[in-house]
Amino acid sequence: MTDSFRAEVLKNLGTNLRKIRIEKGLTTADVALHCDLSLNSINEIEKGNKVSFTKFKRLLSFYNKRFEIVITDK
C-alpha cells in the first residue's frame, strides 16, 4: 500500500466519521467521553491523520458501524 493511498483512505474514513458524528448531533467532546478517547484523538481521526486501529474500532463500535474494504473496477 503506497503512502498516498493510505493517506487517501484515512482521510475518507475521517471525513465519514465526522459526517456521522454531525448527523447524530454530537460534539467531538461527546464522542471522546463515550469512547474513552482524548479529544485530540477524535480530532486526529476526523482529520485523517494516522492513529491506532484500536481507536478506529472504538469509534466504529460507538457509531454501530463496521469497516469494509470493497474492491471495484475503475
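A quick note: this is a predicted structure, and the numbers were derived from the prediction, not measured. (Residues numbered from 1 in each chain as written. Predicted model: local features only at pLDDT ≥ 70, side-chain atom pairs only at ≥ 80, totals over all residues. Heavy atoms only, no water.)

K.L.:
Before we go on, may I ask you to explain the environment of Ser38 in this structure?
P.N.:
Here Ser38 lies in the loop between α2 (28-35) and α3 (39-47). Its relative accessible area of 38% is what places Ser38 among the partly exposed residues. For Ser38, the side chain forms a polar contact with the main-chain nitrogen of Ser41, separated by 2.9 Å. (Helix = DSSP H or I, 4+ residues; strand = E, 2+ residues; numbered from the N terminus. Buried < 20%, exposed > 50% of the residue type's maximum accessible area, 1.4 Å probe, protein only. Polar contact = N/O pair within 3.5 Å; in protein donor to acceptor, adjacent residues only side chain to side chain.)

K.L.:
Looking at this structure, I do not really get a nonpolar patch on the surface. What am I missing?
P.N.:
Taken together, the side chains of Phe53, Phe67, Ile69 and Ile71 present a nonpolar region at the surface, about 510 Å² in accessible area. Among the structural elements, Ile69 can be located in the segment after α4 (53-62). (Patch = residues over 30% accessible without salt bridge, like charges linked within 9 Å, V, L, I, M, F, W, Y side chains within 5 Å. Areas by Shrake-Rupley, 256 points an atom, 1.4 Å probe, with all protein chains shown as cover. Salt bridge = Lys/Arg side-chain N within 4 Å of Asp/Glu carboxyl O.)

K.L.:
Sorry, what's going on with the environment of Leu26 here?
P.N.:
Here Leu26 lies in the loop between α1 (3-23) and α2. Residue Leu26 is classed as partly exposed on the basis of its relative accessible area of 21%. In contact with Leu26, not counting residues within four places along its chain, are Arg21, Val31, Phe62 and Tyr63. (Contact = heavy atoms within 4.5 Å.)

K.L.:
Quick question: what am I supposed to make of α2 here?
P.N.:
Think of an α-helix as turning once every 3.6 residues; residues three or four places apart then point the same way. Taken residue by residue, α2 has Thr28, Val31, Ala32 and Cys35 as its buried positions. Buried residues of α2, viewed axially, fall in a sector of 100 degrees; they line one side. Away from its buried face, by an angle of more than 90 degrees, α2 presents the exposed residues Leu33 and His34. Elements in contact with the buried residues of α2: α1, α3 and α4. Positive backbone phi, approximately 55 degrees, marks Asp36, located one or two places after α2. (Arc of directions from axis to C-beta.)

K.L.:
Any chance you could explain unusual backbone geometry here in plain terms?
P.N.:
Negative phi is the rule for most residues except glycine; trans is the rule for most peptide bonds. The backbone of Asp36 sits at a positive phi, close to 55 degrees, despite the residue not being glycine. Structurally, the position occupied by Asp36 is in the loop between α2 and α3.

K.L.:
Please explain the nonpolar core as it appears in this structure.
P.N.:
Across soluble globular proteins, you tend to see nonpolar side chains buried next to one another. Counting 14 residues, the largest nonpolar core has Leu17, Val31, Ile42, Phe56, Leu59 and Tyr63 as its most contacted members. Counting residues per element, the ones that place at least two in this core are α1, α2, α3 and α4. When residues of this core are assigned to their parent elements, the largest contribution, 4 residues, is made by α1. With residues near it in sequence (within four places) discarded, Val31 still touches Arg21, Leu26, Ile42, Leu59, Phe62 and Tyr63. (Core = buried A, V, L, I, M, F, W, Y, C linked by side-chain atoms within 4.5 Å.)

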